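Each chain, letter by letter, is given below.
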Amino acid sequence: MRIYDLIAKKRDGGTHSREELEAIVNGFVSGEVADYQMAAWMMAVYLRGMTDEETAELTDVMAHSGVMVDLSPIPGIKVDKHSTGGVGDKTTLVIAPIVAACGVKIAKMSGRGLGHTGGTIDKMESVPGTKTALSQEEFFAQVNKIGLSVIGQSEGIAVADKKMYALRDVTATVSCIPLIASSIMSKKLASGSDAILLDVTTGTGAFMKTVDQSIELAKLMVSIGTHHGRRVAAMITDMDTPLGHNIGNSLEVMESMDVLKGRGPADLTEVCLQLAANMLVLADKGSPAECRAMAEAVIADGSAYAKCKEMFAAQGGDTRVLDDYSLFEKPAASYELLAEEDGYIVTNDAEKIGSASVLLGAGRQKKGDPLDFAAGITLHKKRGDYIHKGESLATFYGAADKFDAAAAEYRSGLVYGSEKPEEAPLVYALVTKDGVERY
Ligand code: URA
């Protein structure tokens, strides 16, 4: 099987067999297939697409290119959750403790920030002392003891995806539905959970810019997971505007703790409750209404917040900062971004806000860059709010020499208008193996 012929086959619109996909993916991992050949093949996939069966096979081949985690030493149904990425998307820190407090085990591997989007592991590390790299024994023991652990994705998971993603990033082949679906689902299949809830974000701050594209991606990921014997559902959530008010690592931890303490922003709280309820449904805890009520109850009685503290404590974190935010590391400086005119905020582009927070030091401009955990943005006005000239739109935190560039980036995504824009839904649809329910 010559790689040249396989590239030509996809270029001409052909469909690969499992053996052919193994030759391409495993050849790339071993170094027999060169970067330029893999790049050419992925561009052919980008332009020609893949059948759903072909994408499901590709996903399985990618999953088996690394370690397949066996979670069977942890009794009971284990539920995972994955977001396709967002700005100010701190839902994992809220939902994982809620679901664990309802008695469903969470053994979760999460990622770091990518481009303008943040990552759960970076946020967790803003709590001093928190370890996000545990051995498999420590990870299993913690989940068996307290029902919850969130750690960084181990290097050995879906090795092919890591290499393929790095190449996609520099060859304009990221935004391709079969390649995104196989990238995400290969990691989820390899991570071993029985059930997976996908949060497919849609809008300016997301990979998928329209609801229809997001539904297409969600349907494909649900079908791949189902094909491989997992229970999978996907929610399509809005990412035109960041969730909540805070963007940045410790800032997002504070806001997540506010939700767990029952005093979080309404939009973030609502999305978290819906996500948590759907995870509980996947774990057979009851009907959607019963699961929603359970999620609300563990916030109201404090048990979800207590579970979150238990997790941080088990992973070495100083949980005093969760009770008293003034104990978090302080930002070097702050800056008020003032409105330049009167009007409604019609657009508050989430991608630009995410990029502004990266410029402030909350994310990495290149791999390995150090993070400023205290850096970030607090939004005072969001899409749909009215603002007067001279009022504060947002507060920036970080090193003072970064404020000008971040302000220019933020303003480039801001549009004022005289009419209040129509309210965008927080959740657009739920996709299950039985179909799509649009809200
Ligand atoms: N997240 C991933 O893990 N992979 C993609 O391709 C896109 C988003």
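Residues numbered from 1 in each chain as written. Predicted model: local features only at pLDDT ≥ 70, side-chain atom pairs only at ≥ 80, totals over all residues. Heavy atoms only, no water.

A. Quick look at the sheet that holds strand E8 (residues 343-348). The strand order across the open sheet formed by 3 strands is E10-E8-E12, and the pairing between neighbours is antiparallel. The sheet is open, and its two borders are formed by strand E10 (386-387) and strand E12 (414-417), each paired with just one other strand. Pairing of E8 with E10, which is carried by 2 bridges, proceeds in the antiparallel orientation. Looking across to E10, one finds that Gly 343 is bridged to Ile 387. (Pairing = 2+ DSSP bridges. Helix = DSSP H or I, 4+ residues; strand = E, 2+ residues; numbered from the N terminus.)

B. Highlighting the sheet that holds strand E7 (residues 333-338). Overall, antiparallel pairing links the 4 strands, which are arranged E6-E9-E11-E7 in an open sheet. Of all the strands in the sheet, just strand E6 (246-247) and E7 have a single pairing partner and so form its edges. Against the sheet, helix H16 (residues 350-359) makes contact with E6 and strand E9 (376-379), and its axis sits at roughly 140 degrees relative to E9, the strand it touches most. (Contact = heavy atoms within 4.5 Å. Axes fitted to C-alpha atoms, helices over the stretch in contact; angles between N-to-C directions.)

C. View of the packing of helix H5 (residues 91-101) against helix H12 (residues 266-282). Packing of H5 against H12 brings their axes to within 9 Å, and their N-to-C directions diverge by 45 degrees. Between H5 and H12, the crossing angle belongs to the class labelled oblique. Crossing angle aside, the handedness with which H5 passes H12 is right-handed. The residues of H12 that touch H5, namely those facing Thr 91, Val 94, Ile 95, Ile 98 and Val 99, are Leu 268, Val 271, Cys 272, Leu 275, Ala 276, Met 279 and Leu 280. When the residues that make up the contact of H5 with H12 are grouped by side-chain class, the tally is 11 nonpolar, 1 polar and no charged. (Parallel < 35°, antiparallel > 145°, perpendicular 65-115°, else oblique. Left-handed = near helix turned anticlockwise from the far one by under 90°. Nonpolar A, V, L, I, M, F, W, Y, C, P; charged D, E, K, R; others polar.)

D. The arrangement of the nonpolar core in detail. Counting 53 residues, the largest nonpolar core has Ile 98, Val 99, Met 257, Leu 260, Phe 312 and Leu 322 as the members making the most contacts within it. Ranked by residue count, the leading element in this core is H12, at 10 residues. With 25 residues, the next largest nonpolar core counts Ile 247, Leu 337, Ala 356 and Leu 414 among its residues. (Core = buried A, V, L, I, M, F, W, Y, C linked by side-chain atoms within 4.5 Å. Buried < 20%, exposed > 50% of the residue type's maximum accessible area, 1.4 Å probe, protein only.)

E. Region of interest: helix H10 (residues 211-227). Helix length check: H10, at 17 residues, gives a terminal C-alpha distance of 24 Å against a target of 24 Å (1.5 Å per residue), a fit within 8%. Along H10, the residues that are buried comprise Ser 214, Ile 215, Leu 217, Ala 218, Leu 220, Met 221, Val 222, Ile 224 and Gly 225. (Expected span 1.5 Å × (residues − 1).)

F. A look at empty space enclosed by the protein. Applying the stated rule across the entire model yields 1 cavity of 30 Å³ or more. In this structure, the largest cavity encloses a volume near 140 Å³. In terms of lining, the largest cavity is formed by 21 residues, of which the most central are Thr 117, Gly 118, Ser 357, Ala 362 and Gly 363. Secondary-structure elements contributing two or more residues to the lining of the largest cavity are helix H6 (120-125), helix H11 (249-260) and H16. Across the lining of the largest cavity, the residue classes tally to 5 nonpolar, 12 polar and 4 charged. When residues of the lining of the largest cavity are assigned to domains, at least three map to each of domain 2 (79-155 + 163-323 + 427-438) and domain 3 (332-417). (1 Å grid on protein atoms, 1.4 Å probe; cavity = no way out; pocket = protein on both sides within 12 Å on 5 of 7 lines; lining within 4 Å. Points joined across faces, edges and corners; volume = space filled by probe spheres on them. Domains from an automatic or database assignment.)

G. Summary view of the site of the ligand. Close to the ligand lie Tyr 165, Arg 168, Ile 180, Ser 183, Ile 184, Lys 187 and Phe 207. Within the side chain of Ser 183, one N or O atom sits 2.7 Å away from a nitrogen atom of the ligand. Lys 187 is positioned with one of its side-chain polar atoms (N or O) 2.5 Å from an oxygen atom of the ligand. Protein coverage of the free-state accessible area of the ligand, which is 240 Å², stands at 92%. The set of elements that each furnish at least two residues to the shell around the ligand consists of helix H8 (159-169) and helix H9 (177-191). Element by element, the count of residues in the shell around the ligand is highest for H9, at 4 residues. Across the shell around the ligand, the residue classes tally to 4 nonpolar, 1 polar and 2 charged. (Near = heavy atom within 4 Å. Polar contact = N/O pair within 3.5 Å; in protein donor to acceptor, adjacent residues only side chain to side chain. Areas by Shrake-Rupley, 256 points an atom, 1.4 Å probe, with all protein chains shown as cover.)

H. Highlighting the pattern of salt bridges. The final tally for this structure, using the stated rule, is 30 salt bridges. Residue Lys 307 pairs with Glu 310 through a salt bridge whose shortest N-O separation is 3.2 Å. Residue Lys 307 and its partner Glu 310 are located together in helix H14 (residues 303-314), separated by 3 residues, close to a single helical turn. Residue classification places Lys 307 among the buried residues on the basis of a relative accessible area of 15%. Look at Glu 310 and you get partly exposed, because its relative accessible area is 35%. Among the charged side chains, a salt-bridge network with shared partners connects Arg 18, Glu 22, Glu 57 and Asp 60. (Salt bridge = Lys/Arg side-chain N within 4 Å of Asp/Glu carboxyl O.)

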